[in-house]
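Okay, here's what each chain looks like letter by letter:
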Amino acid sequence: MTKIQNYINGKFSPPIKDRWLDNYCPANGEVYGQIPNSTQADIDNAVKAAKTAFASWSQTTLDERSRILIKISELIEVNLDRFAEAESKDNGKPISLAKTVDIPRAASNFRFFGNAITQFASESHESVGQNAINYTLRQPIGVVGCISPWNLPLYLFTWKIAPALAAGNCVIAKPSEVTPMTAYLLGEILNEAGLPKGVLNIVHGTGTSTGKAMVEHPDIKAISFTGGTKTGAEIAKIAAPMFKKLSLELGGKNPNIIFADCNYTEMLETTVRSSFANQGQICLCGSRIFVEASIYEKFKTDFINKVKVLKVGHPSNSDTNIGALVSKEHLEKVLDYINISKSENGNILCGGEKVTVTDYENGYYLEPTVIEITTNNCRINQEEVFGPVVTIMPFKSDDEALQMANSVKYGLSATLWTNDLSRTMRMTNQFEVGIVWVNTWMLRDLRTPFGGIKASGMGREGGFEALRFFTEAKNVCIKY
Ligand code: NAD
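Calculation criteria
By convention here, each chain's residues receive numbers from 1 onward along its written sequence. For a predicted model such as this one, the threshold for reporting local features is a pLDDT of at least 70, and the threshold for listing and counting side-chain atom pairs is 80 or more; totals across whole chains, interfaces and linings nevertheless cover every residue. The way it works is that DSSP assigns letters per residue, a run of H or I at least four long becomes a helix, a run of E at least two long becomes a strand, and they are numbered from the N terminus. For this measure, only C-alpha atoms enter the radius of gyration; the expected value for a globule follows 2.2 Å times N^0.38, where N is the number of residues. Partly exposed residues are those falling between the two cut-offs: more than 12 but fewer than 20 other C-beta atoms within 10 Å of their own, whereas 20 or more means buried and 12 or fewer means exposed, with C-beta atoms placed from the backbone. Once C-beta atoms are placed from the backbone, any two residues with those atoms within 7 Å are in contact. Pairing between strands is defined by DSSP: at least two bridges between the two strands are required. Axis angles are defined between N-to-C directions and span 0 to 180 degrees, where every axis is a line fitted to C-alpha atoms and, for a helix, only to the segment in contact. These domain limits were set by an automatic method or by a database of domain assignments. The directions considered for the arc are those from the helix axis to the C-beta atoms. UniProt positions are given in the numbering used here, feature names are shortened, and annotations may be inferred rather than shown by experiment. For a helix, the expected span equals 1.5 Å multiplied by the number of residues minus one. Contact assignment follows one rule, namely that a residue is near a molecule or strand if its backbone-placed C-beta atom lies within 6 Å of it. By convention the crossing between two helices is left-handed if the near helix lies anticlockwise of the far one by an angle smaller than a right angle, and right-handed if it lies clockwise. Here the term charged refers only to Asp, Glu, Lys and Arg, the term nonpolar to Ala, Val, Leu, Ile, Met, Phe, Trp, Tyr, Cys and Pro, and the term polar to all other amino acids, Gly among them. Core membership is restricted to buried Ala, Val, Leu, Ile, Met, Phe, Trp, Tyr and Cys residues, and these are joined into a nonpolar core through C-beta atoms within 7 Å.

1. Describing the overall build of the protein chain
Here is step 1 of the chain: Scanning the protein chain from terminus to terminus reveals 15 helices and 23 strands.
Here is step 2 of the chain: What you see for the protein chain is a C-alpha radius of gyration of 23 Å, in line with the 23 Å of a compact globule of 480 residues.
Here is step 3 of the chain: Expressed as lengths along the three principal axes of its C-alpha atoms, the size of the protein chain is roughly 70 × 65 × 40 Å.
Here is step 4 of the chain: Within the protein chain, the fraction of its 480 residues that count as buried is 52%.
Here is step 5 of the chain: Nonlocal contacts in the protein chain, meaning residues at least 24 apart in sequence, comprise 71% of its contacts between residues at least 6 apart.

Following this line, the structure appears as structure tokens:
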């Protein structure tokens, strides 16, 4: 039994109120550890430590900050296997994915922002004819809060923490209570990397206990949140009247639009990935697949054939394609959506059932599921399922595809498969989303703005956008 502790002021400590939560292993449904359910008192302690640390951390040279962040990145790499095994066990994701995507990306996040901060510059404006010069300071905000979800635990946790630290802030960070393990392990390497105590404080617990206490705390001046749209709205309700800076990365219901003129083989392979990678639990997964009518039947046959051979299995097997869903509640939610779709005349082309994996009968396994639908206005196409479930339906024209792509409350990403340049230009211009992929998916360049519009959130992460979020601009005008 691993008993996770909070990491506050450079050391591990139990929660003040001695409240604990069980931590489940999705692969076998067993409790394998406990985590603190921290309260206001723990957040108060973390904030106190962070405020004290801010005085010197905000004044460290960019070189020094960069050196420490890059050292954290290196230590994650040195411990890659340990982190990947912990991530896979905690989340249910295939070990192959944790080793090649999640943990390397967490290391990249620290390296990227360790380097980016050395290139981040403020602007100056010569006010010609007015004998004045303006320059803009980019100052750290102070103590900031980072709250992350369970689907890409260390990957998204560090995606927020790294720019916040690079910009000179001190951080209170809360991972999802469903997947706390790698955030806990991160605490172990911070001292070795030379991060001064109090600069990063990792506090565990539920959203309603720990997360809410963070959002309500008057000395936490900004909240960077990734999670569900409903939670984002609750956070905004509290944070907005306090005038906190807010970055909200929320849910999605992303369209994947496939035209007959695309590179078919590449499209097919990528579409299997964009549908089912991480059990479909990536905010960027393309869960609504629209296919040009002329290739619809061919696509349907080929896609189903490929999906049927995906191997559902224990996450630690190297040949597993689909691991376990993250929790029992989540598995039930996804199964509910499959039933809702059936009741709305969705035609299950493959999957739709729980999978029993030998020796791990209580694990949360589900077949990758493809549902044929006839209208975009059904619940399975309008609401976020966030599991290994996609729908397919044909379209006849560019306008119809575009109209269906945009007819949803979310606006995170869209994927387009075509080799027609003017169609690409026209459609990418008109998609109501923050991120568009053309003839690819999840090709990431960490310098690019990342985020959504509509119910998918507000603000952008990534590159200098993140450094701008984690700083306050102060303009100074000097007359000569
Ligand atoms: P969630 O909203 O339930 O929880 C996310 C985090 O917020 C957790 O740490 C949770 O403890 C905390 N939280 C919950 N209630 C809170 C409250 N009232 N105040 C403060 N914190 C609170 O989301 P989840 O189920 O962990 O993650 C899945 C969701 O995340 C999906 O909707 C998915 O689309 C979204 N997501 C979005 C992106 C993106 O970049 N847009 C990326 C990954 C996941």
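2. What to know about the sheet that holds strand β6 (residues 124-127)
Here is step 1 of the chain: In space, the three strands of this open sheet follow the order β6-β7-β23, with antiparallel pairing throughout. A strand with exactly one partner marks an edge of an open sheet, and here the two such strands are β6 and β23 (471-479). Ignoring which end each strand starts from, the neighbouring axes of this sheet average 20° apart.
Here is step 2 of the chain: Here four bridges tie β6 to strand β7 (residues 132-140), and the two strands are oriented antiparallel to one another. Looking across to β7, one finds that Glu126 is bridged to Ile133.

3. Some details on the sheet that holds strand β13 (residues 255-258)
Here is step 1 of the chain: Strand order in the open sheet formed by seven strands is β15-β16-β17-β14-β13-β19-β20, and the pairing between neighbours is mixed. A strand with exactly one partner marks an edge of an open sheet, and here the two such strands are β15 (347-350) and β20 (435-438). This sheet shows a mean twist of 25° between the axes of neighbouring strands, independent of strand direction.
Here is step 2 of the chain: Both β15 and strand β16 (residues 369-372) contribute to a ladder of three bridges, which runs antiparallel. Each bridged residue has a counterpart across the sheet, and for Cys350 the counterpart in β16 is Val370.

4. As for unusual backbone geometry
Here is step 1 of the chain: Not every positive phi belongs to a glycine, and Asp18 is a case in point at roughly 55°.
Here is step 2 of the chain: Position of Asp18 among the secondary structure elements: in the loop between β3 (11-13) and β4 (20-25).
Here is step 3 of the chain: Residue Asp18 is classed as exposed on the basis of its 8 C-beta neighbours within 10 Å.
Here is step 4 of the chain: Positive phi is not limited to glycine here, since Phe243 has a value of about 60°.
Here is step 5 of the chain: Inspection of the secondary structure assignment puts Phe243 in the loop between α8 (229-239) and β12 (245-249).

5. What to know about the domain arrangement of the protein chain
Here is step 1 of the chain: For the protein chain, the assigned domains read domain 1 (2-250 + 456-479) and domain 2 (255-445).
Here is step 2 of the chain: Distance from the C-alpha centre of domain 1 to the C-alpha centre of domain 2: 30 Å.
Here is step 3 of the chain: Each partner contributes residues to the interface: domain 1 has 19 residues there, and domain 2 has 23 residues.
Here is step 4 of the chain: Residue assignment for the side of domain 1 that touches domain 2 shows that the elements contributing at least two residues are α3 (80-91) and α4 (95-116).
Here is step 5 of the chain: Counting residues per element, the side of domain 1 that touches domain 2 draws most heavily on α4, which supplies three residues.

6. What to know about the pairing of β16
The side chains of a regular strand alternate between both faces of the sheet.
Here is step 1 of the chain: Sheet topology places β16 next to strand β17 (residues 389-395); four bridges connect them, and they run parallel. Residue pairing in the sheet places Val370 in a bridge with Val390 of β17.

7. What to know about helix α13 (residues 398-406)
Here is step 1 of the chain: Turning to α13, its buried residues number three or more, namely Ala401, Leu402 and Ala405. End-on, the buried residues of α13 take up no more than an arc of 95°, which puts them together on one face.
Here is step 2 of the chain: In this structure, the buried residues of α13 make contact with β13, β14 (288-292), β17, β19 (413-417) and α14 (421-430).

8. Details of the UniProt feature "domain: Aldehyde dehydrogenase" (unreviewed entry) in the protein chain
Here is step 1 of the chain: Taken from the UniProt record, the annotation "domain: Aldehyde dehydrogenase" (unreviewed entry) applies to residues 21-476.
Here is step 2 of the chain: End C-alpha to end C-alpha, residues 21-476 measures 49 Å, and it is 42% helix and 20% strand.

9. Some remarks on the UniProt feature "active site" (unreviewed entry) in the protein chain
Here is step 1 of the chain: Per the UniProt record, "active site" (unreviewed entry) is found at Glu249.
Here is step 2 of the chain: With respect to the secondary-structure elements, Glu249 resides in strand β12.
Here is step 3 of the chain: If we ignore the near neighbours within four places in the chain, the residues touching Glu249 are Phe225, Thr226, Gly451, Gly457 and Glu461.

10. Some details on helix α1 (residues 40-57)
Here is step 1 of the chain: If you check α1, its first and last C-alpha atoms are 24 Å apart, about what 18 residues at 1.5 Å a residue would give, namely 26 Å.
Here is step 2 of the chain: Among all positions in α1, only Asp42, Ile43, Asn45, Ala46, Val47, Ala49, Ala50, Ala53 and Trp57 are buried.

11. As for the site of the ligand
Here is step 1 of the chain: Among the 32 residues in the neighbourhood of the ligand, the closest are listed as Pro149, Gly207, Gly211, Gly227 and Thr231.
Here is step 2 of the chain: If you list the elements that add at least two residues to the shell around the ligand, you get α7 (207-216) and α8.
Here is step 3 of the chain: Looking at which element gives the most residues to the shell around the ligand, the answer is α7, with five residues.
Here is step 4 of the chain: Of the domains in this structure, domain 1 (2-250 + 456-479) and domain 2 (255-445) are the two that each give at least three residues to the shell around the ligand.

12. Let's talk about the packing of α7 against α8
Here is step 1 of the chain: Remark: α7 packs on α8, axes separated minimally by 9 Å, with the N-to-C direction vectors making an angle of 35°. Of the two elements, α7 crosses α8, and the hand of that crossing is right-handed. In contact with Gly207, Val215 and Glu216 of α7, α8 contributes Thr231, Ile235, Ile238 and Ala239.
Here is step 2 of the chain: Grouping the amino acids of the contact of α7 with α8 by side-chain chemistry returns four nonpolar, two polar and one charged.

13. Let's talk about the nonpolar core
Here is step 1 of the chain: Residues Val171, Ile172 and Ile258 are the most contacted members of the largest nonpolar core, which totals 138 residues.
Here is step 2 of the chain: Looking at this core, the element that brings in the most residues is α4, giving 11 residues.
Here is step 3 of the chain: When sequence neighbours within four positions are dropped, the list of residues in contact with Ile172 reads Ile43, Ala46, Val47, Ala50, Val143, Gly145, Asn201, Val203, Met214 and Ile220.

14. A look at the environment of Phe243
Here is step 1 of the chain: The exposure class of Phe243 is exposed, given the 8 C-beta atoms found within 10 Å.
Here is step 2 of the chain: Measuring from C-alpha to C-alpha, the distance between Phe243 and Ala86 comes to 38 Å, with 157 residues separating the pair along the chain.

15. Some points on the environment of Ile141
Here is step 1 of the chain: Position of Ile141 relative to the elements: it lies in the loop between β7 and β8 (143-147).
Here is step 2 of the chain: Given 21 C-beta atoms within a 10 Å radius, Ile141 is considered buried.
Here is step 3 of the chain: Separated by 106 residues in the primary sequence, Ile141 and Ser247 place their C-alpha atoms 14 Å from one another.
Here is step 4 of the chain: Contacts of Ile141, omitting those with residues within four sequence positions, involve Asn169, Lys221, Ala222, Lys245, Phe470, Thr471 and Glu472.

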